[in-house]
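Observations on chain architecture
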Amino acid sequence: MSTVEKPSAARFVGARVQRREDPRLLSGHGQYIDDVRLPGMLHATFVRSPLARARIVAIDLEHALAVPGVVAIWDGSALNGDAATPLWDWAGEGTPFPEVRALAEGDVRFAGDPVAIVIARDRYVAEDAAELVDVEYEPLQAVVGRELAEASTGRAHDGIDTNVAWSAASPTDPALEAAFAASAHVITETFRQQRHVNVPMEPRGLVAHWERGAEQLTVYASSQNPHQDREYFARVMGLPEHHVRVIMRDVGGGFGQKIFRTREETAVALASRRLGRPVKWIEDRQENLMAANHARDEQMTLRVGVDADGVITAIHASHLADVGAYPLMPAMMPGFMALEVLPGPYRFARYGWAGKSVFTNTSGISAYRGPWMMETVAREIMMDVVAREIGVDPAEIRRRNVIQTEDLPYTTPTGREYDRISPAQTLEAALEEIGYERFREEQARARAEGRYLGLGISTYIEPTAGAQGPTGIEAATVRVEPSGKVNVLMGTGSHGHSLETTMVQVVADQLGVPIEDVRLLQGDTAVSPYGGGTAGSRSAVIAGGVARISAIKLREKVLELAGHLLEAAAADLEIEDGTITVKGSPGSSIAFADVARIAYYDPSRLPEGMEPGLESTSRYSAPPATYANSTQVCTCEVDVATGEVRLLDYVVGEDCGVMINPMVVEGQIAGGVAQGIGGALLEHLAYDETGNPLAITFKDYLLPTTEDVPDIRYVHVETPSNTPGGHKGVGEGGAIGAPAAIVNAVADALAPLGVRVTSQPLSPDRVLAMIDDARSA
Amino acid sequence: MKAAPFDYAAPTEVDEALALLDEFAEDAKVLAGGQSLVPLLALRMSRFDQLVDVNRIEALRGIELVGETLVIGAMTRQATIERDEEVRRHAPLLAEATRYIGHFQIRNRGTIGGSIAHADPTAEYPAIALTLGAEVEVASVRGRRRIDAGELLESAYTTTLEPEELLLSVRVPVWGARSGFAVHEIARRTGDFALVGGAAAVTLDEADAVARAHVVLFGVADRAIRLSSLEAAIAGQPVDQLDLAELAREATAELRPPSDVQATGAYRRRVAAPLTERLLRTAFVRARRAGDPTEEAAR
């Protein structure tokens with residue numbers, strides 16, 4: 001394996017540098033949407049449908065408009081026409097898509113569908129008035145339930161005479177069927193995953209400010225990608241892109257929910273333009289749980305063929321997703337991504353797939369940390385099912401199938417090309433750290449005492465930094481100011497993922513300056529170069545890569561100028577801690593700050609032809625994907641009298657290439673694992689059969705707390721990628737791997753009772769029901 | 001998620017508060033620690049014209065042993081009760097149960113009077129009041145009265161308090177020698193409302209027979225309930241001869257607990273039995289230990 005050359009003075013990359021954004025955030029000085037206060041600012045709230053599917057018969061605004069302090073109320077027929085285009089449209093050949101408008105018009109299609117926007121002097125008044133908007137509905141049959149939608153006599157959308165949003169399958173493959181026929185065992189099982197919500201701590205929100213004189217829309221966005229927001233608002237509002245500015249300050253998490261701008265945000269921007277005043281909307285938690293986009297809600301059926309030793313011979317995967325009424329991404333995405341990534345860390349040649357997505361009268365689906373992760377849920381739970389069925393240890397069956405270093409480069413049956421990965425190493429590292437053999441002994445002793453302990457393994461390859469279209473490139477402007485202090489301008493944003501620390505680490509190393517002398521400016525389309533923002537675990541690879549490229553370019557100029565001033569060759573110079581020295585001649589040196597001052601103020605001292613100033617802008621186009629790999633292992637105890645599950649120990653073995661900051665890497669993993677624990681044990685945005693959401697406060701939508709998340713131990717393997725810094729993404733793996741590890745641990749604990757666990761969340765009542773079912777079977 | 005408009009008063013004397021309650025009656029609501037009321041107002045699931053904030057009434061705070069009764073001011077914070085030495089000594093069950101209430105941030109604001117008056121069927125304090133045989137003292141402009149916890153709790157979120165009445169204090173009787181207690185909950189997460197919870201208080205006689213027993217479950221009905229048939233079945237019986245598993249199963253077989261998104265009613269009934277058994281087992285062990293002079297000295 002090749003190693004990536006570290007910078008000559010790598011003091012920061014690889015170190016647990018304290019987060020530079022923390023003093024601001026932890027002392028309450030973060031700047032979130034609700035901290036934005038502009039002169040003359042108004043507040044918006046929405047009247048939402050209480051029904052999943054209904055005709056709007058009449059809307060009476062009279063009483064609501066009479067509330068003192070109300071400025072305007074518009075329903076869909078009044079406001080939607082201000083948009084220049086449908087808000088988004090994923091229709092294609094064989095993939096119908098509804099017309100997406102800011103507000104419902106004529107009918108409503110999920111409980112929470114925005115029917116009218118109320119603008120008032122404050123949010124209290126807006127909500128008082130919203131209560132008084134009188135909407136008469138004629139209920140229609142709602143389409144609810146992933147497995148019921150296709151056959152439902154109801155239609156999720158007017159004008160689309162099917163609830164099937166997408167359906168596709170791989171071509172019939174006789175070789176696949178032959179492989180199944182030749183397998184010693186063929187095992188089929190269906191795995192289900194319930195509807196989740198991303199639940200960022202800061203819900204959706206924005207302040208939109210239409211400035212009449214400048215004909216400019218300024219949006220303070222709680223977003224993951226300000227430049228794509230700029231493009232979005234320009235398009236839907238019919239504005240030239242240079243008359244839109246998007247400012248993204250601190251963002252309280254998004255986890256995918258804030259990649260795409262939504263109907264409510266669009267309505268607020270349209271309202272601001274009508275009124276010529278700033279309008280704020282900050283979603284409350286009930287709205288977020290009910291009407292912000294949801295995730296998961298899918299199932300996968302796997303047919304797996306293995307030989308007598310448990311070596312996989314063939315897999316067929318079939319996926320079904322409920323994408324809700326107005327998915328934010330193409331309806332094919334959950335299924336297509338999951339099916340395409342499914343081969344994961346294992347060697348096998350024969351693979352077939354089928355996928356289907358259905359519209360329902362529920363909140364639309366968007367991305368959520370590892371939006372394809374059903375592949376790991378299904379595959380890894382299936383590995384344990386197969387192992388138990390054929391009597392092979394679950395660690396051993398993975399060893400027999402996992403891709404080894406000597407297999408590389410390796411191309412999956414779906415055409416993904418792996419190189420520089422280490423799934424066998426992270427598997428072994430995690431098993432060793434948790435003490436696999438010792439646990440098996442402890443488990444046997446506990447069983448003899450009537451206690452049920454279990455261990456679960458989840459192994460996966462994480463495709464990171466997917467680079468296509470708007471997310472293909474990233475840019476960095478590195479600017480040494482005349483005093484020698486350094487501003488780095490990037491199209492990224494402050495999102496909780498530590499870029500103000502990690503990007504600065506990368507640049508400070510290359511320029512050889514103290515870390516305090518470097519600052520990242522990001523999240524403002526008027527300031528920073530175009531960037532793809534945050535999604536798909538791309539920041540370390542693409543943003544980190546370009547920060548490095550741009551800093552190296554500037555370093556060359558600094559050294560050229562310094563060499564000229566010191567009458568030495570640039571190649572003979574080194575920069576350390578803000579001083580440039582001729583190697584071997586400590587007396588011959590110049591301060592970095594002096595070089596900067598001369599570059600700006602004393603052009604006569606520059607070498608012939610050198611442009612004044614010290615600034616470089618680079619753009620980096622990343623490879624289509626960069627692969628990280630990981631194994632999560634956890635242990636648990638199940639109380640078979642009450643069905644309660646308690647996690648005992650948790651280990652993650654991870655290879656995300658060269659780590660910029662191991663503390664940040666571990667933070668990313670920990671956050672994802674916590675979300676996976678939530679999904680496996682707690683979280684469920686359930687709907688009743690009429691489409692009424694049942695978990696729209698935190699009393700019912702249960703997130704894991706610190707008491708539910710065990711201390712996590714980490715083992716790092718660093719196999720550099722072939723990108724500039726050797727980094728790989730690590731943003732989603734924690735969430736991808738955790739549910740299967742936990743489900744497998746519970747299933748392992750209950751294996752003596754004959755329980756097979758195929759769905760989540762593992763609430764106490766469901767655990768007891770599974771035990772009962774197994775006993776009565 | 002903003003409350004509908006209301007008027008707000010924050011009296012410093014009980015009489016002022018009673019006058020306000022008399023004036024506004026069912027249009028008024030007492031604001032104690034606010035841990036349930038404020039979310040209900042913000043969600044507009046409850047609305048009142050007048051809030052009477054009793055947080056500034058000093059006379060409603062404090063813990064005092066009066067004879068054989070622990071008198072706890074209605075506005076005493078849960079966090080205070082959790083740490084109070086008198087409570088630990090004279091009503092250890094109350095201290096132990098407090099740890100199940102939410103998280104410490106909630107207990108720093110939440111009060112005993114507020115919790116009992118709110119009468120959440122899954123809440124700890126109404127159930128503990130019932131288990132220990134506590135009374136509440138209430139007042140209106142027309143005078144004061146005491147209500148037994150069993151008479152107070154009417155149904156979900158409903159008590160026999162009149163709208164004009166203010167809960168002044170909770171009067172917890174001190175259980176005597178050879179008494180033991182237990183409390184436990186099954187919840188989705190630490191600090192959540194109980195799916196099923198229970199508490200037991202028992203006193204043993206010199207022969208280790210059951211002299212007195214109160215066994216209470218919560219989360220299984222529209223209010224905390226005593227398992228009277230179980231209490232009667234074990235009264236006077238030697239502890240060692242009780243088939244607790246069977247008794248608990250019989251005592252919980254007729255329960256019809258509610259279903260919700262967190263658990264089915266069938267689940268709640270099913271786990272009520274092992275929970276009840278566990279409560280009694282623990283309470284008996286502790287009662288014996290409480291009667292053992294060497295154990296007493298060790299404490």
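Residues numbered from 1 in each chain as written. Chains lettered and ligands numbered in written order. Predicted model: local features only at pLDDT ≥ 70, side-chain atom pairs only at ≥ 80, totals over all residues. Heavy atoms only, no water.

**A short note on the domain arrangement of chain A**
All names here are of chain A. On domain assignment, one finds that chain A holds domain 1 (22-30 + 468-621), domain 2 (33-140 + 203-251 + 258-291) and domain 3 (371-464 + 626-776). Look at where the C-alpha atoms of domain 1 and domain 3 centre, and you get two points 39 Å apart. Of the roughly 1,200 Å² buried at the junction of domain 1 and domain 3 (both faces included), carbon and sulfur atoms supply 63%. Counting every contact that joins domain 1 to domain 3 gives zero salt bridges. Counting the contacts that link domain 1 with domain 3 gives six residue pairs in polar contact (both at pLDDT 80 or more). Every element with two or more residues in the side of domain 1 that touches domain 3 is listed here: α14 (499-511) and α15 (539-566). (Domains from an automatic or database assignment. Buried area = accessible area lost by both parts, 1.4 Å probe. Salt bridge = Lys/Arg side-chain N within 4 Å of Asp/Glu carboxyl O. Polar contact = N/O pair within 3.5 Å; in protein donor to acceptor, adjacent residues only side chain to side chain. Helix = DSSP H or I, 4+ residues; strand = E, 2+ residues; numbered from the N terminus.)

**A few points about the pairing of strand β10 (residues 166-173) of chain B**
Residues and elements named next belong to chain B. When you tally the buried positions in β10, you get seven out of eight residues, the bulk of the element. Judged from the five bridges that link them, strand β5 (residues 69-73) and β10 form a sheet pairing that is antiparallel. Note on β10: the bridge partner recorded for I72 is V170. Relative to β10, strand β6 (residues 135-140) is paired through five bridges, and the arrangement is antiparallel. The partner of V136 across the bridge, within β10, is V170. (Buried < 20%, exposed > 50% of the residue type's maximum accessible area, 1.4 Å probe, protein only. Pairing = 2+ DSSP bridges.)

**With respect to the nonpolar core**
Among the nonpolar cores identified, the biggest contains 122 residues, and A:L302, A:Y650 and B:F284 are the most heavily contacted of them. Once residues within four sequence positions are removed from consideration, A:L302 is found in contact with A:I187, A:T188, A:E189, A:F191, A:I315, A:H316, A:A317, A:L342, A:A378, A:R379 and A:M382. With 59 residues, the next largest nonpolar core counts A:F46, A:L206, A:A267 and A:W281 among its residues. (Core = buried A, V, L, I, M, F, W, Y, C linked by side-chain atoms within 4.5 Å. Contact = heavy atoms within 4.5 Å.)

**With respect to the interface of chain A and chain B**
Taken together, the contact between chain A and chain B spans 29 residues of the former and 25 residues of the latter. Of the roughly 2,400 Å² buried at the junction of chain A and chain B (both faces included), carbon and sulfur atoms supply 54%. The interface formed by chain A and chain B holds four salt bridges in total. Here A:D772 ties to B:R270 by a salt bridge, and the two come within 2.6 Å at their closest N and O atoms. Where chain A packs against chain B, one counts 13 residue pairs in polar contact (both at pLDDT 80 or more). At the level of elements, α4 (123-132), α8 (285-291), α17 (662-682) and α19 (764-776) of chain A are the ones that each hand at least two residues to the side of chain A that touches chain B.

**Here we look at helix α6 (residues 226-237) of chain A**
Residues and elements named next belong to chain A. When the terminal C-alpha atoms of α6 are compared, their 16 Å separation across 12 residues agrees well with the 16 Å that a helix rising 1.5 Å per residue should span. Residues P226, H227, Q228, D229, R230, Y232, F233, A234, V236 and M237 constitute the buried set of α6. In this fold, the buried residues of α6 make contact with β9 (205-211), β10 (216-221), β11 (244-247) and α7 (263-275). Of the residues one or two after α6, G238 is the one with positive phi, at around 65°. (Expected span 1.5 Å × (residues − 1).)

**A short note on the side chain of A:S759**
All names here are of chain A. Considering the arrangement of structural elements, one finds S759 in the loop between α18 (733-750) and α19. Of the polar contacts made by the side chain of S759, one reaches the side chain of R766; its length is 2.9 Å. Setting aside residues up to four positions removed in sequence, S759 forms contacts with R192 and R766.

**Concerning the sheet that holds strand β2 (residues 28-31) of chain B**
Residue and element names in this part refer to chain B. Read from one edge to the other, the open sheet built from three strands follows the order β1-β3-β2, with strand pairing classed as parallel. Edge positions in the sheet fall to β1 (7-9) and β2, since each has one partner strand and no second. Adjacent strand axes in the sheet meet at a mean angle of 25° when their direction is disregarded. Two elements, β2 and strand β3 (residues 50-53), share four bridges in a ladder whose sense is parallel. Residue pairing across strands places K29 opposite L51, the latter belonging to β3. (Axes fitted to C-alpha atoms, helices over the stretch in contact; angles between N-to-C directions.)

**Details of the side chain of B:E185**
All names here are of chain B. Along the chain, E185 turns up in strand β11 (residues 179-186). R107 provides the closest opposite charge to the buried, salt-bridge-free E185, at an N-O distance of 9.6 Å. Sequence-distant contacts of E185, defined by excluding residues within four places in its chain, comprise Y100, E124, D192, A194, V196, G197 and F218. (Lys, Arg positive; Asp, Glu negative; His and termini not counted.)

**Focus: the environment of A:A78**
Residue and element names in this part refer to chain A. Take A78: it is sitting in helix α3 (residues 76-79). Of the residues examined, A78 reaches a relative accessible area of 29% and is grouped as partly exposed. Distance in space between the C-alpha atoms of A78 and E105 is 9.4 Å, their sequence separation being 27 residues.

**Quick notes on the pattern of salt bridges**
Per the stated rule, a full pass over the model turns up 77 salt bridges over all chains. With a closest N to O distance of 2.7 Å, B:R288 and B:D240 form a salt bridge. Here B:R288 is found in helix α12 (residues 265-291), whereas its partner B:D240 is found in the loop between α10 (228-234) and α11 (244-252), with 48 residues between them in sequence. Counted as one network, the salt bridges with shared partners bring together A:R48, A:R123, A:E127, A:R204, A:E264, A:E283, A:D284 and A:E287.

**With respect to the pairing of strand β14 (residues 312-324) of chain A**
All names here are of chain A. The element β14 is extensively covered by neighbouring structure, given that 10 of its 13 residues are classed as buried. Bridge analysis of strand β13 (residues 294-306) against β14 gives nine bridges, and the strand direction is antiparallel. Looking at β14, one finds that L302 is bridged to A317. By the bridge criterion, 10 bridges tie β14 to strand β15 (residues 350-359) in an arrangement that is parallel. Note on β15: the bridge partner recorded for G324 is F359. Following the backbone out of β14, through helix α9 (residues 333-341) and into the adjacent parallel β15, one traces a crossover that is right-handed. (Right-handed = clockwise from strand over helix to strand, strands pointing away.)

**Considering the sheet that holds strand β13 (residues 210-218) of chain B**
All names here are of chain B. The four strands are arranged β11-β12-β13-β14 in an open sheet whose pairing can be described as antiparallel. The strands lining the two open edges of the sheet, one partner per strand, are β11 and β14 (225-226). Note that strand β12 (residues 196-204) and β13 share eight bridges and pair antiparallel. In the strand pairing of β13, A201 is matched with H214. Contacting β11, β12, β13 and β14, helix α8 (residues 124-132) crosses the sheet at an angle of about 160° to β13.

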